[in-house]
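# Structural features, examined
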Amino acid sequence: MCGRYVMARAVGDLVAEFDVNESLVESLEPSYNVAPTDPVPIVLDRRDRETKGLSRKLVTARWGLVPSWAKDTKGAARLINARRETVTEKPSFRKAAAQRRALVPADGYYEWQKEETGGKITKIPTYLHAPGDDVLAFAALFENWPDPSLAHDDPHRWLRTCTIITAPASDALGHIHDRTPLMVPRDLWADWLNPEITAEGDVRSLIDAMPEPHLVPRVVSSLVNSVQNNGPDLIEPVQPEAPEGLFP
């Protein structure tokens with residue numbers, strides 16, 4: 001699964017990187033410990049009602065999907081991820097998979113590798129990122145949820161939320177965690193975001209076309225375990241302990 005990630009890029013960087021036509025985000029605070037229910041930037045394509053042309057937009061969404069038919073937002077924390085194997089079938093995701101696909105920009109993400117020593121299981125926080133620290137684009141879905149307690153003309157009535165699609169991890173990453181975010185390569189961004197690709201079979205073909213990611217793992221500090229901690233020190237590699245009897 002993907003439960004924490006890093007997004008430390010400025011709005012201008014994302015606009016340039018993703019060829020955004022319109023940014024509805026004024027500024028972004030860098031976050032080295034993005035957690036569920038946080039507001040996050042996402043990229044989506046929508047057809048302009050006047051020009052009829054596709055427009056790529058940078059917007060924010062709350063991480064944790066709330067389906068449009070949900071009565072409230074209580075289940076959002078359970079829907080931070082959608083499995084690629086069933087995303088076009090599950091009631092919570094299938095409509096969004098057909099009509100509301102997005103990209104979630106990220107610098108990298110965290111997983112906790114389990115190791116057993118002397119019958120005790122420890123979890124080792126690991127930061128995974130692209131070689132060269134290129135931006136990652138997680139395959140995502142978004143929904144617009146109308147709050148039934150607010151009037152139709154209330155500007156706060158609509159809540160935009162998102163979920164990140166995950167896939168089985170390859171052999172190279174499987175020893176760290178058995179799931180990984182589904183990464184969309186640059187040459188598939190336009191197809192993935194295309195709102196006119198709606199048939200289940202076509203969406204499944206898009207998902208199946210995603211290659212296995214090539215990521216670099218880095219063991220980091222346990223500071224990342226707490227969502228209260230945030231800062232570039234969270235992605236710094238842990239210094240190996242000196243052998244007993246030696247001093248730095």
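It should be noted that the structure appears before, not after, this text.
Treat the numbers as computed from the prediction; the structure is a model and nothing was measured.

### Examining the packing of aromatic side chains
Counted under the stated rule, the structure contains 6 aromatic pairs. Between the aromatic rings of Tyr5 and Trp63, the centroid separation amounts to 5.3 Å while the plane-to-plane angle is 70°, which identifies the pairing as edge-to-face. You can see Tyr5 sitting in strand S1 (residues 5–7) and its partner Trp63 sitting in strand S5 (residues 54–63), a full 58 residues away along the chain. The exposure class of Trp63 is buried, given its relative accessible area of 0%. Ring centres of Tyr109 and Phe138 lie 6.1 Å apart, and the angle between their planes is 80°; this geometry places the pair in the edge-to-face category. Residue Tyr109 is located in strand S8 (residues 108–117), and its partner Phe138 is located in strand S10 (residues 136–146); the two are separated by 29 residues in the primary sequence. For Tyr109, a relative accessible area of 1% puts it in the buried group. Members of the aromatic cluster, connected to one another through ring pairs, are Tyr5, Trp63, Tyr109 and Phe138. A cation over a ring is seen here: Arg101 above Trp192, with NZ or CZ 5.5 Å from the ring centre. Above the face of the Trp158 ring, Arg157 is positioned so that its terminal group lies 5.6 Å from the ring centre.

What counts as what
- Residues numbered from 1 in each chain as written.
- Predicted model: local features only at pLDDT ≥ 70, side-chain atom pairs only at ≥ 80, totals over all residues.
- Heavy atoms only, no water.
- Phe/Tyr/Trp six-rings, centres within 6.5 Å; stacked < 30°, edge-to-face > 60°.
- Helix = DSSP H or I, 4+ residues; strand = E, 2+ residues; numbered from the N terminus.
- Buried < 20%, exposed > 50% of the residue type's maximum accessible area, 1.4 Å probe, protein only.
- Lys NZ or Arg CZ within 6 Å of the ring centre and 35° of its normal.

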